[in-house]
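# Coordinates in review
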Amino acid sequence: MEGAGHLGFDLTPLLQDGNLPTVETLSQAVSKLDAQIEANAKGIDVAVAEIMRMINELPNSKACESAEQSVEFLNASNLLDKSSCFDSDSSHIQFLLKHVQKHLDNHPNSEERVLDSLMQFSSGEGLILPVFSTAPGHHTLTDSLASLNTVVDATEVAIQQQWDEICERLRKCFLEKLSKLPLLVHSPAVRIDGCNRLRYLHSLLSLYPVEYVWRDYKASRSKLFDKCIRDLIPSMGSGSTEVDTVANNYALLCDILIAIIDEDFLVFCTGIFRDVVSTFDAMNELYLDRVSEELISIIEYIHDATLQIPSPGISSPDFPKSKSEQGILASIKGSIKGGSVKSLDALLLSKSQEEVNGCASFSSVFLHSVVKLVIASVKVEQHVLELHNVGTWKPSVYNKDLKSVLKATSVVPLCVQTSIDAFIVHQPTIVDSSGPGAYSDDADRSIHGQLSRWEWRLIFKKLVSDIARSVETTLLEVATATLDAELDAYSAQSTLPMTPICLQLYGGALDIPPQVATSVAVIFTQLEHLLPLVHVGSTGVFYTVRTAFVDAVVLNLKKYLARLQQVCRDVPERSPLTCLYQALASSAFVSAQLRHYEHVLGKPEHRCIFEGLVRQFSEQTDCAQQQLIEYHKTVITTGILHDAEAHDWANTKAFYEGEQCSFSVQMWNLHMQRLQHSLWTTCPPQLSRDVFLSVLHHSLDHFAHRYARVKPSCKRTAQFRCDLTAVLLYTSEFLFYGSQSVEQLLEVAPSHGLVYGVHNLCCSLLSALVIVTSPLHDLYRAFKRGFARVEPGAEAGHASMSRQSTRLEEAPDGRPGHWTSWIRGGLFPMHCSRISQMQTTNAVYCLVKLLDCQPEPNWSLVIQVLLAKLYTFPIMILTLPSEQLLSQENKTVAVATCSGILCDAAVCQRLHTECDNLYLPFMRVLMHCEHVPDAIAKVAEPVIDRNNLWIIFDADIIPARLDPTPPFLQAIYTLMEPFFLSVIEPGFCAVFGKTTAADTAAPDFSAAFLELPCGCPSNFKTVKGRDSGKDVLHVAIEGILSSMAMNIIAVPMSLSLMFVHFQHLLQAHIQQPAHDCVGLQIVAGGLHYYIQDPSNAERLLGVKLRPAQHEKLRTLANCIYQLIISNPSSIKPRRPSEEVAQGFLLTRKDFLKIQITTVKDYFTSLSMPKTYQFQDSPQEFTDQLSSGLASKIMQTSSGYDSMYQIYSLIKNNVAWIRSNLDIPLLLQSWDQVDTIQAFSGSTAAAAQPQQKSFNPLRMIDCVAGEEFDQEAMVNFPFDWPRLLQADLGLSEVAMRGLLFHRPEMQDGAYLDDLEKKPVEVLRAKFEKELVMDTL
């Protein structure tokens, strides 16, 4: 059946990255499983038919028609008894056992090899050895009950004693090896000790019954865990500092316990102890009960220590003590019920600091220690629950048909539990498993047995009342102290001290601001620290703590709410506007965090625990937001846009010679830039965008009303045109800050709210600019025959205009966003309502610019930037010289973390670390874009061409030996690391797991006797002169090759398609490739890279290797590469690796051919997709698709880091991207030369929003980050003929109104000879209609 063995494979590597494989990959996996099942069924049928044929050919046999009849005839004829051997000779058995004992004495540490040889000898010769030895140190029940007159065979007793001695020696050896296996808290990528542990246990099971093996294994594990406890948690002493140390050690003990449980869980999954004990009963007996004992001793010590602390009551007569509850909050509730105070709000204003300090509780160090104990206990409990869910299913969905169970129509029986919800993924909180639902009865079938509850919460029962009082007092003290300090700072400086929030929390579904008031930061830092105590208290023992926590939060935050309301009332009379921004950010943060706490803590009794408080802070946020909007509207309307000199439109004197726009317009631009900066650096992202759009919409509405009524004089027409041009240019830049998608820039719809209104107002401003300030002769040509009739351009000199008009008529011009094409034609070409219709450079830069202007990272836009226009952006980056894509040293920025509150230091430090290989994040993200599986192939082709990497496929090159390894190839190896780990694991287990046994000589049983104890000749021969090291390498090679063929389907589909694409291009670049299959060559090179490099091997194994082991790995790596790539006939024994490879070919040549053929057939079966199925999809669908894809990528391992590295790279290179895409400047004069920007390869997190400064002296002369050019503004190159031919969205009534605002059309205007005829014609055509409209 060796030929059929290659059809099988392991599904585990498909799920190693934490996400489901593609449909195509699963389809191929299921097809191979079906093929294997059918092959096995056919093999069974053939074997049964052969047995029936042999039985029918026996003498006196009947013609059996079924297998059942054949077996019955075989049993009835006693044929097996007649053909059996003679009874064994006892002396021969004793001789054999003495030979084994002698070998054990002469060869120390050869026990494992002896047992292997015994089993091979027994199985090869059909010799039945004693299956089990008697229990060590015990007599059998038969011996104790035997009669005194029973005659015992001395030879049998001697044989049994000899066998018992051998088994006892083997038992001690295997138990010693089990005890010496290293305990790894952080599991390495490749675990070889797991293979050793199972091998030692299987060896013991071959010698003793499972009950005795479990007894020994349990004793060994208990001894190991007791040693860990003794090392970490000594006997309790005195002093609170020691309690904190013990709590820290208890957390370390729980981490070790999780590692031990994982090791045991792998053992129990094999089912070897299933008949003796269930998995979780064993865990409770071995570990959890022992941990409970240590936890009880710690809690008892804390309880005894708290009894020594005096606990004075509340002395104030206004706070009668409640009978049902304890603590200061209980007293407050009693006061409200008793009528001494009318409401909680009134109580907050009257409560004094002395009353807060009147409540005493145990030491705060004890409280912090209790938090650590709870977190560690919940961590263990949650881990055990997750292990239980691995093998749990619901009977109602169990599918009895195992064949094709993985197909789409089948129901997967295993329960899948998400680790954390999207709302709480950013918080360093724990997952609750305390409630009744933690051990649900819905999933009541498990391969590991029933999960019994670990009642660790009951241990804290003695301390619950003390913990509740301490939580109340701690929160009240912290809040009072920080609010008093904030009040002092506010009174002295008229501003609120602010603290940044962790960069990774900014924005998101909760709309977290970049900074909050320091008092809020301190309060919520304390709340986050105490949240684990509350989280485990949904029911049961900790419910009192939960109630105290909720009451304390309500009490403190109501007091802070009153403070925020007062701050908002002080603006702007007594406090600067900055305080309003700060109050808005703080109230929004509190509201978001309370909603988060409601989600984390659940909704007991179907009501929100902070419902009233959330509503009050939400209302405060809305009020502050509206106050901010109204303030800016008032300032803009009554102050900034008021300029008597510039707005004297009837003045016959030009404003600054017509070379300057109004100062009010420039100040409005400065004000809007300052508003955007203040919002982006202080307030939540979504709220900031709403405020900015509201103010922008109001400003444009004011401009539209003003300039629609203006009748400028002839000298003021240039100012009129310059003002509107400046407003439209400014707004085209502001729209990037107010829009969330490209659709809002190009194909805006009424559903987009204020953005749609902004576009409409800009269209109105453009219409006023065109009708009032366009040259008179162009206006005359366009409207001399009326509003509805457009001049076809019959004049010879306007043939080009006629052709352009024809094109305009073919495409819709009435879309609200068309004005951007007239103002910024270099970025928004005409008639482009979708990103797919734009030029490649414009589309890419538009997406990059939009992403850069967002107040928070927009992951959907990151995906769109990567995929836009056939992957232009990643190709542009990755085709740069390799030196620019590699970090010189893997260093972090000056600050290891962002120093913000609620910061996850590990994640934050990764965000501040430079990426050492820029190929990796781009390829990792593209690899997960399953709807475009050819993305990596299309990006990799120009990268390989530009860097001349086709040489790695040459026959004379071994890629892994290139120094250094090309970074692009190294990125491919990194992406395939899960596949390589699953392939090399059996090889590493063979090399490092059986080294001792392989290096020890095996006993020569053929030299002991010439015939077997039953009288049959011995056919078992021990091979002489074989190198045991080569035997080990042969086993490793066979395991690696077999695993390669089985797991090849686990190679990501996008990478497999890239190999197929390279295969088609290879002949054009390489004359003599190393192999005719590129995918197989990459696999061989990757295996060589991971096996032969000592640093890689030590990183994967988690141990330090000796030089001899390094040499063995190098030999193994060379053998694997030669066997896969080289022609078998070309391998000559010139080097050690070639000798091993040639020796393997002598015995396993057919096996090697089957494995290589399997891999080649897999790659041959793939083909590149012909078209992109979502190429012409609407932009709204593209946004949704990109958003879902980004969410999926960020949930994978390293997905979030890769996305953030790409985002930071884009943010750090916006100017470089613009210059390389040849995007024109917003205002570029004829003599201005665009500066070539330098590329920055930094991928560390960009500066936080609150760290950016605003320089008004510089920004007043800037637009879109460029220098403000008044001359370019005045001489803006409008295409007047085309503008007048276009659909500006004007009605005929509005057009006539604007027409008579022109200086030439006003009464008493001075006209020269060239102007008289156009004016007369236009007046004759529109004046009568204007009068009728007026009437």
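Residues numbered from 1 in each chain as written. Predicted model: local features only at pLDDT ≥ 70, side-chain atom pairs only at ≥ 80, totals over all residues. Heavy atoms only, no water.

So, about the overall build of the protein. Of regular secondary structure, the protein possesses 52 helices and six strands. When the 1335 residues of the protein are sorted by exposure, 53% land in the buried category. When contacts within the protein are restricted to residue pairs at least 6 apart in sequence, long-range pairs at least 24 apart make up 78% of them. For the protein, the exposed area adds up to about 60900 Å²; of that, 53% sits on carbon and sulfur atoms. (Helix = DSSP H or I, 4+ residues; strand = E, 2+ residues; numbered from the N terminus. Buried < 20%, exposed > 50% of the residue type's maximum accessible area, 1.4 Å probe, protein only. Contact = heavy atoms within 4.5 Å. Areas by Shrake-Rupley, 256 points an atom, 1.4 Å probe, with all protein chains shown as cover.)

With the rule as written, the count across this model stands at 48 aromatic pairs. Geometrically, the ring pair formed by tryptophan 649 and tyrosine 707 is edge-to-face, given 5.7 Å between the ring centres and 65 degrees between the ring planes. Separated by 58 residues along the polypeptide, tryptophan 649 in the loop between helix H21 (611-640) and helix H22 (663-682) and tyrosine 707 in helix H23 (residues 685-709) bring together distant segments of the chain. Judged on exposure class, the residue tryptophan 649 and its partner tyrosine 707 are both buried. (Phe/Tyr/Trp six-rings, centres within 6.5 Å; stacked < 30°, edge-to-face > 60°.)

So, on to helix H10 (residues 210-232). Along its 23 residues, H10 runs 33 Å from first to last C-alpha, staying within 8% of the 33 Å computed at 1.5 Å per residue. Residues of H10 that are buried: Val210, Val213, Trp214, Asp216, Tyr217, Ser220, Arg221, Phe225, Cys228, Ile229 and Leu232. (Expected span 1.5 Å × (residues − 1).)

Below, the discussion takes up the nonpolar core. In terms of nonpolar packing, the biggest core is built from 373 residues, with Phe273, Leu533 and Trp668 touching the most fellow members. It is helix H11 (residues 240-269) that contributes the most residues to this core, 14 residues altogether. Discounting chain neighbours no more than four positions away, the residues touching phenylalanine 273 are Leu201, Val210, Val213, Trp214, Tyr217, Val267 and Phe268. (Core = buried A, V, L, I, M, F, W, Y, C linked by side-chain atoms within 4.5 Å.)

All right, on to the packing of helix H43 (residues 1107-1125) against helix H44 (residues 1136-1164) then. Between H43 and H44, the shortest axis-to-axis distance is 9 Å and the interhelical angle comes to 45 degrees. On the basis of their axis angle, the class for H43 and H44 is oblique. H43 and H44 meet at a crossing whose hand is right-handed. In this structure, H43 contributes Thr1115, Asn1118, Cys1119, Gln1122, Leu1123 and Ile1124 to the contact, and H44 contributes Pro1136, Ser1137, Glu1138, Val1140, Ala1141, Phe1144, Leu1145, Leu1152 and Ile1156. Partitioned by chemical class, the residues of the contact of H43 with H44 number ten nonpolar, four polar and one charged. (Axes fitted to C-alpha atoms, helices over the stretch in contact; angles between N-to-C directions. Parallel < 35°, antiparallel > 145°, perpendicular 65-115°, else oblique. Left-handed = near helix turned anticlockwise from the far one by under 90°. Nonpolar A, V, L, I, M, F, W, Y, C, P; charged D, E, K, R; others polar.)

Below, the discussion takes up the confidence of the model for the protein. As a note on interpretation, predicted positions should not be read in detail where pLDDT is low. With 77% of its residues at a pLDDT of at least 70, the protein reaches an overall mean of 79. Here residues 995-999 is modelled with pLDDT under 50, and outside its nearest four sequence neighbours on either side it reaches eight contacts, counting other chains as well. (pLDDT = per-residue confidence, 0-100.)

Enumeration according to the criterion identifies 40 salt bridges in this entry. Among the ionic pairs, arginine 197 bridges to glutamate 263, the shortest N-O distance being 3.2 Å. Taken together, the positions of arginine 197 in helix H9 (residues 193-205) and glutamate 263 in helix H11 put the pair 66 residues apart, joining distant regions of the chain. The residue aspartate 466 makes a salt bridge to arginine 469 at a minimum N-O spacing of 2.4 Å. Of this pair, aspartate 466 and arginine 469 both sit in helix H17 (residues 464-493), three residues apart, which is roughly one turn of that helix. Comparing aspartate 466 with arginine 469, the two get one shared label, buried. Via salt bridges that share partners, Glu168, Arg171, Arg215 and Asp216 belong to a single interconnected network. (Salt bridge = Lys/Arg side-chain N within 4 Å of Asp/Glu carboxyl O.)

As a further point, take the environment of glutamine 1184. Its place among the elements puts glutamine 1184 in helix H45 (residues 1179-1194). Glutamine 1184 gets classed as exposed once you look at its relative accessible area, which sits at 58%.

On to unusual backbone geometry, then. A cis amide bond links valine 571 to the next residue, proline 572, at an omega of 0 degrees. Note that proline 572 resides in the loop between helix H19 (543-570) and helix H20 (577-601). A positive phi angle is found at lysine 869, which is not glycine, with a value near 50 degrees. Tracing the sequence through the fold places lysine 869 in helix H31 (residues 859-878). Positive phi is not limited to glycine here, since asparagine 948 has a value of about 55 degrees. Within the secondary structure layout, asparagine 948 lies in the loop between helix H35 (935-947) and helix H36 (967-975).

Here the focus is H22. Between its first and last C-alpha atoms H22 spans 28 Å; for 20 residues at 1.5 Å apiece the expected length is 28 Å, and the two agree. Within H22, 17 of the 20 residues are buried, which leaves the element mostly enclosed by the surrounding structure.

With that settled, the discussion passes to the side chain of arginine 197. The exposure class assigned to arginine 197 is buried, which follows from its relative accessible area of 3%. One polar contact links arginine 197 to glutamate 263, side chain to side chain, over a distance of 3.2 Å. Arginine 197 has contacts with Leu178, Leu181, Tyr217, Arg221, Glu263 and Val267, leaving out every residue within four places of it along the chain. (Polar contact = N/O pair within 3.5 Å; in protein donor to acceptor, adjacent residues only side chain to side chain.)

For aspartate 1176, the location among the structural elements is in the loop between H44 and H45. Judged by relative accessible area, aspartate 1176 falls into the exposed class, the value being 59%.

Next up on the list: the packing of helix H5 (residues 90-106) against helix H8 (residues 154-180). At their nearest, the axes of H5 and H8 sit 10 Å apart, and the two run at 25 degrees to each other. In this view, H5 runs roughly parallel relative to H8, as classed from their interaxial angle. Here H5 runs over H8; the crossing is left-handed. Between H5, through Ser90, Ile93, Gln94, Leu97, Lys98, Val100, Gln101, Leu104 and Asp105, and H8, the contact on the second element is made entirely by Thr155, Ala158, Ile159, Gln162, Trp163, Glu165, Ile166 and Arg169. Residues of the contact of H5 with H8, tallied by class, amount to eight nonpolar, five polar and four charged.

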